[in-house]
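Coordinates in review
So the chains spell out like this:
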2 protein chains.
Amino acid sequence: MKIGIFDSGLGGLGVGLRIIDALPDYDYVYLGDTQRVPYGNRSQESIYRFTRESVDFLFEQGCLLIILACNTASAEALRRLQQEHLPTHYPERRVLGVLIPAAEVAASQGKRIGVLATLGSVDSGAWPREIHRVAPDRKVYQQAAPLLVPLVENDGFRWVAPILDEYLQPLLAHGIDTLVLGCTHYIFLKEQAQQLAPGVNVISPEELVPDSLADYLRRHPEITSRLSRGHTREFLLTDLTEEYVGLAQRLTGRALTFSRVEL
Amino acid sequence: MKIGIFDSGLGGLGVGLRIIDALPDYDYVYLGDTQRVPYGNRSQESIYRFTRESVDFLFEQGCLLIILACNTASAEALRRLQQEHLPTHYPERRVLGVLIPAAEVAASQGKRIGVLATLGSVDSGAWPREIHRVAPDRKVYQQAAPLLVPLVENDGFRWVAPILDEYLQPLLAHGIDTLVLGCTHYIFLKEQAQQLAPGVNVISPEELVPDSLADYLRRHPEITSRLSRGHTREFLLTDLTEEYVGLAQRLTGRALTFSRVEL
């Protein structure tokens, strides 16, 4: 059986390719819900429904384990999927998020932690909740950054600096020592964030995911033993345009082949 | 029976309220597909399907006539709806767009016409096609402006100027005398566009729609006679969040009451 990687769009390709490069033997299916991207501003109910439909699709494609490479989905839908959907429909399958490993690292490295995230992630309260679960005394400050995903997706990097700076100012005013880039798209803005927040420890969840997944697979032989090792990769999108293919190439530096699917 | 006004999101409220204010006696239903906004970057097939589902929903709500207050839907889906869908499913109902009236005005006022629009509208070629249908000798130059909708929807007006300026430069370099703001959201950027393009005749399709609709109703008594005059207004969204309600109030200056619906 395969490993699925899900994102609302193309931002998850960054972490997806890192996982594949780090653990190349397995069979992978990447699914991007480009027909309904972005998730960040939508209601919790919509984010849950879209994520559940996408996860079900990946299960039907033969995935045993799915990584939600999308912080919004991880924040808004993961817990409910694990508690309500998997036990009744797919008791032997697993869905993992990217938020908890990052929250644990942030809690271990920082005392005053700033989180930059989508509106949906901020409203869910998942970042403070998961950081405080590990370390209740940490100060956590959140800032919604709704324009960063459109800027990344529409090649707007040259306009990012003043917008990112305005989002960072309230966090810097709180004297943060650690900044979590709480959306898969923001990995493409890491250098700019570090320049605007000198001396702050900038954490990009994507960088932690491959190690976190490798660790999970070591601890769960009952899952790992059922994963096939065929070195196959499929990249599926719910909507396919030339612009999406061009964006994927710009973001990843690789020429990937995509297929369009209906959920 | 009612008049429906459809937009992919909240940008169509601008033109919707202008229509309602100009022709207040009728019964109106506004539908914004906020669960799947924005349409502008999606494939033609997705835009057609989403628009058809929304139109069908408005027909089920008792609408006889629907205005597509969305240039992307008008450019990508209107003709196919009128040719394939309405004749077989709703032969007595009507769907009108906002693109053709604006194209006709632009063709009558300008010789060198610039069009600022979403990627989907630009790719569809609908603006040059409709302008050339009326006046084949006009020069038409298009520019995709994918960041403007996110900027309007996320209260990013203070960052618009340099981005809008970069989008306008290629059009100005072509010596345009007329600029069409080819997306309902751009009406909120009209003043900024006029400042950046001094001496250019800036056309905002929304401003033409009420007159164009009044004219249509005068010419089609078989439609007008079947429209009820109850002064009711309903504002429906496919996804409802506090942020959407706040955005609607910021954009329109009115406190509207929204209901969430499933298509």
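Everything here concerns the structure above.
Residues numbered from 1 in each chain as written. Chains lettered and ligands numbered in written order. Predicted model: local features only at pLDDT ≥ 70, side-chain atom pairs only at ≥ 80, totals over all residues. Heavy atoms only, no water.

Brief notes about the nonpolar core
Definition in use: Here, the term nonpolar core denotes a set of buried Ala, Val, Leu, Ile, Met, Phe, Trp, Tyr and Cys residues that are joined through side-chain atoms within 4.5 Å. Remark: exposure states derive from per-residue accessible area (1.4 Å probe, protein chains only) relative to the maximum for the residue type, with buried under 20%, exposed over 50%, and partly exposed in between. The contact rule is simple, with two residues in contact once any of their heavy atoms fall within 4.5 Å.
The biggest cluster of nonpolar side chains holds 118 residues, and the ones touching the most others in it are Leu116 and Leu179 of chain A together with Leu116 and Leu179 of chain B. With residues near it in sequence (within four places) discarded, Leu179 of chain A still touches Gly114, Leu116, Leu168, Leu171, Ala193, Val200, Asn201, Val202 and Ile203 of chain A.

Focus: the packing of helix α5 (residues 99–109) of chain B against helix α7 (residues 126–134) of chain B
Residues and elements named next belong to chain B. Short version of the rule: Only the stretch in contact is used when fitting a helix axis, every axis being a line fitted to C-alpha atoms; angles between N-to-C directions are given from 0 to 180 degrees. Secondary structure follows DSSP: runs of H or I at least 4 residues long count as helices, runs of E at least 2 residues long count as strands, and numbering of each begins at the N terminus. Note on angle classes: values under 35 degrees are labelled roughly parallel, values over 145 roughly antiparallel, values of 65 to 115 roughly perpendicular, and the remainder oblique. Handedness of each helix crossing follows the sense of rotation of the near helix against the far helix: counterclockwise by less than a right angle gives left-handed, clockwise gives right-handed.
Two elements in contact, α5 and α7, have axes whose closest approach is 8 Å; the angle formed by their N-to-C orientations is 55°. Relative to α7, the element α5 is oriented oblique. Seen along the crossing, α5 lies across α7 with a hand that is right-handed. Between α5 and α7, the contacting residues are Leu99, Ile100, Ala102, Ala103, Glu104 and Ala107 on the first element and Ala126, Trp127, Glu130, Ile131, Arg133 and Val134 on the second.

Focus on the sheet that holds strand β5 (residues 112–117) of chain B
Residue and element names in this part refer to chain B. Heads up, the condition is: The criterion for strand pairing is that DSSP finds at least two bridges linking the strands in question.
Across the sheet, which stays open at both edges, the 4 strands sit in the order β6-β5-β7-β8 with parallel pairing between neighbours. If you trace the sheet from one side to the other, it starts and ends with β6 (139–144) and β8 (201–203), each paired once. Across the sheet, the axes of successive neighbouring strands diverge by a mean angle of 20°, strand direction being ignored. As paired elements, β5 and β6 share 6 bridges and run parallel to each other. Bridge pairing in β6 links Arg112 to Lys139.

A look at the packing of helix α5 (residues 99–109) of chain A against helix α11 (residues 205–219) of chain A
Residues and elements named next belong to chain A. So the rule is basically this: Only Asp, Glu, Lys and Arg are considered charged in this grouping, and only Ala, Val, Leu, Ile, Met, Phe, Trp, Tyr, Cys and Pro are considered nonpolar; every other residue, Gly among them, is considered polar.
α11 packs onto α5 with a crossing angle of 105° between their chain directions and a minimal axis gap of 9 Å. The orientation of α5 with respect to α11, classified from their angle, is roughly perpendicular. Facing Pro101, Ala102 and Val105 of α5, the residues of α11 in contact are Pro205, Leu208 and Ser212. Its residues placed into classes, the contact of α5 with α11 shows 5 nonpolar, 1 polar and no charged.

Brief notes about the environment of Ala193 of chain A
Residue and element names in this part refer to chain A. In this fold, Ala193 is placed in helix α10 (residues 190–196). Ala193 gets classed as buried once you look at its relative accessible area, which sits at 1%. Ala193 sits 18 residues away from Gly175 along the chain, and the two C-alpha atoms are 15 Å apart. Not counting residues up to four positions away in its chain, the partners in contact with Ala193 are Leu164, Leu168, Leu179 and Leu181.

A word on the relation of the copies chain B and chain A
Stated precisely, the cut-off is as follows: The copies are overlaid by a least-squares fit using only the C-alpha atoms of residues whose pLDDT is at least 70 in both copies.
You can overlay chain B on chain A at an RMSD of 0.0 Å; the transform is a turn of 180° with a shift of 0.0 Å along its axis. The relationship between the two copies is best expressed as a two-fold rotation axis. When C-alpha distances to the rotation axis are compared across chain B, the minimum falls at Arg36 of chain B, with a value of 2.7 Å.

With respect to the pattern of salt bridges
Going by this rule: For this document, the term salt bridge refers to a Lys or Arg side-chain nitrogen within 4 Å of an Asp or Glu carboxyl oxygen.
By the definition in use, this model includes 40 salt bridges over all chains. One salt bridge in this structure joins Arg129 of chain A and Glu130 of chain A, with 3.7 Å as the shortest N-O distance. Residue class for Arg129 of chain A comes out partly exposed when judged on its relative accessible area of 33%. As a salt-bridge pair, Asp33 of chain B and Arg36 of chain B come within 2.9 Å of each other at their nearest N and O atoms. Owing to a relative accessible area of 9%, Arg36 of chain B belongs among the buried residues under this scheme. The network of salt bridges with shared partners includes Asp33, Arg36, Arg49 and Glu53 of chain A together with Asp239, Arg260 and Glu262 of chain B.

Regarding the sheet that holds strand β3 (residues 63–68) of chain A
All names here are of chain A. Read from one edge to the other, the open sheet built from 6 strands follows the order β4-β3-β1-β2-β9-β10, with strand pairing classed as parallel. Only two strands of the sheet have a single partner each, and these edge strands are β4 (94–97) and β10 (258–260). Each strand axis lies, on average, 25° off the axis of its neighbour in the sheet, ignoring direction. Taken together, the 5 bridges between strand β1 (residues 2–7) and β3 define a ladder with parallel strand orientation. Note on β3: the bridge partner recorded for Lys2 is Cys63. Along the sheet face, helix α1 (residues 13–22) touches β1, β2 (28–32), β3, β9 (233–237) and β10 and points at about 170° away from the line of β9.

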